[in-house]
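# Per-entry structural report
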Amino acid sequence: MKKCSTVSFEGQVIFIGIDVHKESWAVNLRHCHRELDKFSMNPSPETLAKHLRKNYPGAEYRSVYEAGFCGFWAHRRLCELGIQNIVINPADVPTSGKERDRKNDAVDSRKLARELENRTLEGIYVPPEDNLELRNLVRRETKLTGNITRVKNRIKGHVNFMGLKFEGWSGRSLKIMYADAEKRHDYALQSMLRELRFLREEKLHVIRDERQCLKRLKRDKIQGHLQSIPGVGFHTAVMLQAELWDLQRFEDKDALSSYVGLAPRLVGSGEHEVLKSAGNRKKKQLHAILIQAAWRSVLHNLEMRARYGALLHKGANPQRAISIIAKKLLYALRAVWLQERDYVVSANE
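The sections below set out a description of the structure shown in this document. (Residues numbered from 1 in each chain as written. Predicted model: local features only at pLDDT ≥ 70, side-chain atom pairs only at ≥ 80, totals over all residues. Heavy atoms only, no water.)

With the rule as written, the count across this model stands at 5 aromatic pairs. Aromatic side chains Trp-25 and Trp-73 sit 6.4 Å apart centroid to centroid with 35° between the ring planes, which places their arrangement in the tilted category. Of this pair, Trp-25 sits in strand E2 (residues 25-31) while Trp-73 is found in helix H2 (residues 73-80), placing the two residues 48 residues apart along the sequence. In this structure Trp-25 comes out as buried when scored by relative accessible area, which is 2%. Here Lys-156 stacks its cationic end above the ring of Phe-166, 5.5 Å away from the centre of that ring. (Phe/Tyr/Trp six-rings, centres within 6.5 Å; stacked < 30°, edge-to-face > 60°. Helix = DSSP H or I, 4+ residues; strand = E, 2+ residues; numbered from the N terminus. Buried < 20%, exposed > 50% of the residue type's maximum accessible area, 1.4 Å probe, protein only. Lys NZ or Arg CZ within 6 Å of the ring centre and 35° of its normal.)

For an α-helix, the turn length of 3.6 residues means that residues three or four places apart are oriented alike. Along helix H10 (residues 253-260), the residues that are buried comprise Leu-256, Ser-257 and Val-260. Projected down its long axis, H10 carries its buried residues within an arc of 95°, all on one side. Of the surrounding elements, those touching the buried residues of H10 are helix H9 (234-244), helix H11 (284-300) and helix H13 (318-339). Sitting at the head of H10, Asp-252 places a side-chain oxygen 3.2 Å from the backbone nitrogen of Asp-254. Looking one or two places after H10, you find Gly-261, whose phi comes out positive at around 105°. (Arc of directions from axis to C-beta. Contact = heavy atoms within 4.5 Å. Polar contact = N/O pair within 3.5 Å; in protein donor to acceptor, adjacent residues only side chain to side chain.)

A few words on the pairing of E2. Among the 7 residues that make up E2, 7 are buried, leaving the element largely enclosed by the rest of the structure. Here E2 shows a buried face lined by Trp-25, Val-27, Leu-29 and His-31 and a second buried face lined by Ala-26, Asn-28 and Arg-30. In sequence, strand E1 (residues 13-20) turns back onto E2 through a hairpin of 4 residues. Linking E2 to strand E3 (residues 34-41), which pair antiparallel, is a turn of 2 residues; within it Cys-32 sits at a positive phi near 55°. (Pairing = 2+ DSSP bridges.)

As a further point, take the pattern of salt bridges. The tally for this structure, following the rule as stated, stands at 15 salt bridges. Two residues, Glu-99 and Arg-114, come together in a salt bridge whose shortest N-O distance is 2.6 Å. With a gap of 15 residues between them, Glu-99 in helix H3 (residues 97-101) and Arg-114 in helix H4 (residues 105-117) connect regions that are remote in the sequence. Several salt bridges share partner residues, and in doing so they unite Glu-46, Arg-77 and Glu-80 into one network. (Salt bridge = Lys/Arg side-chain N within 4 Å of Asp/Glu carboxyl O.)

One open sheet holds the 5 strands; their spatial order is E3-E2-E1-E4-E5, and the pairing between them is mixed. The sheet terminates laterally at E3 and strand E5 (84-88), the two strands that pair on one side only. Averaged over all pairs of adjacent strands, the angle between strand axes in this sheet comes to 20°, irrespective of strand direction. Helix-sheet contacts for helix H1 (residues 45-55) involve E1, E2, E3 and strand E4 (60-66), and the interaxial angle to E3 is about 145°. (Axes fitted to C-alpha atoms, helices over the stretch in contact; angles between N-to-C directions.)

We now examine the pairing of E5. On a regular strand, one side chain projects to one face of the sheet and the next to the other, so that they alternate. In this sheet, E5 lies alongside E4 in parallel orientation, the contact comprising 5 bridges. Of the residues in E5, the one forming a bridge with Glu-66 is Ile-88. With H2 bridging E4 and the parallel E5, this β-α-β connection has right-handed handedness. (Right-handed = clockwise from strand over helix to strand, strands pointing away.)

Here it is as structure tokens:
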């Protein structure tokens, strides 16, 4: 009589490092601090899950890949298939000089699996699909704004190059410029003016879509609360919602200001330690728009204006002073958001 035994990894953990690409995934598997296998495969979570269940039945599967072009669809699908996945910031992966010098897909996947097993990796926040819908729309508006600025600069450069008079950016001025370009057979300027008109119209469409999206996602009330703060307009408020979405994920207001890039950091060693700005570890879009909102708030809010003047009087330079105002504004935004109320303007105003 033959003895039958079934291989089982019950209660054990298989660690998976995935270097994701458009056409293929480089995968590295580890178990008990040893490399089990490495291979290249089609970018398919289903195929990976099938391979794991066939070769390592009963195990607990944990995987990791770096945030990048592929977004979060693979993360969601891996989790649905029973694989505990995290997505990480590529800059946070510990890397040796040898790995940096001999970088390739196999090395990257091995490094990810190893650090996952060593518990040195911390996953980033994975936005829900509703958040991505609004965020993609807001980022589309930001790109359109950048494209409009570039086209305007090209038009100005062309006008100066041809020795023409610049009429301005109003609708009437653009019509005059286009009519003059037709008379002179300046087809290049006509093309740039048509491009500018298209981009402006498309931006208006996107803004209307943002309003509809906020209403459909039932985020219009929060939008109103945020816009009640002097200096905060529609675009600032909708960008805050799109990029932050859920303030409960931040432990406190200090964690929020650090994420945005308004908290100073201590740099140095021994007796040579100095406070510096957040550097590159910040949400650049939010940092920039909060600085802009802070300047508007100084103009329209007496409390903020007085605070700004006091900072200058104490010797702070304008850039440092406006950063402090932006941080104060962020805290006010956090308060009205979490408490679901409008901003209360001081009686003196």
